[in-house]
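Spelled out from the first residue to the last, the chains are:
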Amino acid sequence: MIRKKFKDIEISMLGMGNMRLPLHDHDDASTIDKEKSQEIIDYAMAHGINYYDTAYVYHSGKSESFLGEALSKYPRESFYVATKFLIGANPDYKAVFEEQLQRLNMDYIDFYLLHAVGDRSYEEYLNCGCIDYFLEQKAAGRIKYLGFSAHAKPETLEKLASHHDWDFAQIQLNYYDWEFSAAKEEYEILTAKNIPVIVMEPVRGGRLATLTEDASAHLKSVCPDRSIPSWAFRWLMGLDNVQVVLSGMSNMEQMMDNVQTFSELAPLSNEENDALKKALELFYHELVVPCTACRYCVDDCPMRIDIPLVMEIYNRFRTNGDGALHRIEKIESGRKPMDCIGCGACAEHCPQNIDIPGIMEKITERLS
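A brief look at the structure comes next. This structure is a prediction, so every number in the text was calculated from the model and none was measured.

Criteria and cut-off values
- The residue count restarts for each chain, going from 1 along the sequence in the order it is written.
- Under the rules for a predicted model, residues below a pLDDT of 70 receive no local features and side-chain atom pairs below 80 are neither given nor counted, while totals for whole chains, interfaces and linings still include all residues.
- In computing side-chain properties, one takes all heavy atoms of the structure into account and sets aside hydrogens as well as water.
- Relative accessibility thresholds used throughout: buried, under 20% of the residue-type maximum; exposed, over 50%; partly exposed, between the two (1.4 Å probe, protein chains only).
- By the criteria applied, helices consist of DSSP H or I runs no shorter than four residues and strands consist of E runs no shorter than two, each listed in order from the N terminus.
- Consider the strands pointing away from the viewer: the crossover is right-handed when the path from the first strand over the helix to the second runs clockwise.
- Pairing between strands requires that DSSP locate at least two bridges from one strand to the other.
- Here, a disulfide means two cysteine sulfur atoms that sit within 2.5 Å of each other.
- Two rings from Phe, Tyr or Trp (for Trp, the six-membered ring) form a pair when their centres sit within 6.5 Å of each other. Planes less than 30 degrees apart are called stacked, planes more than 60 degrees apart edge-to-face, and all others tilted.
- Interaxial angle, 0 to 180 degrees, is taken between N-to-C directions of lines fitted to C-alpha atoms, where a helix line uses only the stretch in contact.
- Orientation labels follow simple angle bins: below 35 degrees gives roughly parallel, above 145 gives roughly antiparallel, 65 to 115 gives roughly perpendicular, and whatever is left gives oblique.
- A clockwise turn of the near helix away from the far one marks a right-handed crossing, whereas an anticlockwise turn of less than a right angle marks a left-handed crossing.
- Whether two residues are in contact is decided by their heavy atoms: any pair within 4.5 Å suffices.
- Here the nonpolar group is Ala, Val, Leu, Ile, Met, Phe, Trp, Tyr, Cys and Pro; Asp, Glu, Lys and Arg are the charged ones; every other residue, Gly included, is treated as polar.
- Throughout, the arc means that of the directions going from the helix axis to the C-beta atoms.

With that settled, consider the pairing of strand β5 (residues 80-85). Judged by how many residues are buried, β5 sits mostly within the fold: six of six residues are covered. The handedness of the strand β4 (residues 51-53) to β5 crossover, carried by helix α2 (residues 63-71), is right-handed. Sheet analysis places β5 next to strand β6 (residues 109-118), joined by four bridges and oriented parallel. Along β6, the bridge assignment pairs Lys84 with Leu113. Crossover connection from β5 via helix α3 (residues 93-104) to parallel β6: handedness right-handed.

And the structure:
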């Protein structure tokens, strides 16, 4: 297992996220399958993983308690636990911190984070007094290292990173967001301030674990014996300021594959980077409809649907998952995708030859 020096300790480059543990009931996040989850953690410990990430709200509040129980069989100095304070879940940061220590059954927390700081919550975190309190807990030895996780625009991240000398920061970082989102700029902001990066969503919630058929086939033609997820992890190995890569491993197969990937520091070669760029191009063009928002399709739509807006939402759904579809609710009634009558007038005017009625039907089926 790759270990990287952090301050005066060494931590495994592969960290285990405890947000997607095996469940008894897949519709109820609180029903953690403790037996299967314990097996995964035991394998992780046996193979050198010593960084375990959880949060107050994960698994409907059950993740911290499970993790504390699962790790209780091991010496406290043999692992590091990260957990988080989410102001939207409970703004009473003092009570939350005490409850977390109880849930984990620990006297201190190694890595403590402000959770999911965003453009809207940024000032709330800064003005509520929690940072001063957590710094006091750090001085008292109840927090070893203080950081934050952020889902914010680069300008907000810049302000947050400049607030004081943070020990670390956690951001969404993967080769897709490096190319098509602000991940590169976010990484560079933190690196310029000498803030070590903890990576979340390295395979974008699993989306980069399978890719599309042509993109996957291209990568397999270059390295037949490597799994598709391993490309995402090895790409991250090429970023020197990446300290830990979190993976929410929900079964033993994922754990074993990731442990194998992180058994040696093997960043992508120049040839492999070129192959990944080609695969990403294939993936993107297979995944996303090439709507240019020319609006030629709109005038003849009898239902007056804002087709370019729906195409944008669809593309976000394809790359980000079902959560992106919530924007459909904000569209005026009578002009939603489910109001499409399938007349095909839009498709006749589309320069990109997009099957617009077919996409409207797919969205309707997804939401039904």
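Don't stop here, the text continues.
Moving on to the state of the cysteines. Overall, the coordinates contain zero disulfides when judged by the stated rule. In this structure Cys301 is not part of a disulfide, and its nearest cysteine sulfur, from Cys343, lies 6.4 Å away. There is no disulfide at Cys343, and the cysteine sulfur nearest it, in Cys346, is 6.1 Å away. Classification of Cys343 by relative accessible area gives partly exposed; the value is 45%.

A few words now on the packing of aromatic side chains. Per the stated rule, a full pass over the model turns up 26 aromatic pairs. When the ring of Tyr176 is compared with that of Phe180, the centres are 4.9 Å apart and the planes differ by 50°; the resulting orientation is tilted. Taken as a pair, Tyr176 and Phe180 lie in helix α7 (residues 175-180) at a separation of four residues, close to a single helical turn. Since its relative accessible area comes to 37%, Phe180 is described here as partly exposed. When the centroid spacing of 6.4 Å and the interplanar angle of 40° are considered together, the rings of Tyr176 and Tyr284 count as tilted.

With that settled, consider the packing of helix α9 (residues 213-222) against helix α12 (residues 270-287). Between α9 and α12, the shortest axis-to-axis distance is 7 Å and the interhelical angle comes to 165°. Classified by the interaxial angle, the pair formed by α9 and α12 is roughly antiparallel. The two elements α9 and α12 cross, and the hand of that crossing is right-handed. Only Ala275, Leu276, Lys278, Ala279, Leu282, Phe283 and Glu286 of α12 make contact with α9, whose side of the interface consists of Glu213, Asp214, Ala215, His218, Leu219 and Val222. Looking at the contact of α9 with α12 residue by residue, the classes come out as eight nonpolar, one polar and four charged.

This paragraph deals with the side chain of Asp53. Take Asp53: it is sitting in strand β4. Residue classification places Asp53 among the buried residues on the basis of a relative accessible area of 3%. Discounting chain neighbours no more than four positions away, the residues touching Asp53 are Met16, Gly17, Asn18, Tyr58, Ala82, Lys84, Gln170 and Leu246.

What follows deals with helix α6 (residues 154-161). Among the residues of α6, Pro154, Thr156, Leu157, Leu160 and Ala161 are the ones counted as buried. Each buried residue of α6 sits inside an arc of 155° when the element is viewed along its axis, so together they form one side.

As a further point, take the sheet that holds strand β3 (residues 14-17). An order of β3-β4-β5-β6-β7-β8-β9-β10 is seen for the eight strands of this closed barrel, with the pairing classed as parallel. On average, adjacent strands in this sheet sit at an angle of 30° to one another, irrespective of strand direction. Sheet topology note: the strand β7 (residues 143-151)/strand β8 (residues 168-172) ladder contains four bridges and is parallel. Opposite Phe148, over in β8, you have Ala169 as the bridge partner. Strands β6 and β7 of the sheet are contacted by α6, whose axis makes an angle of about 165° with β7.

On their own, these measurements won't tell you what the molecule is for.
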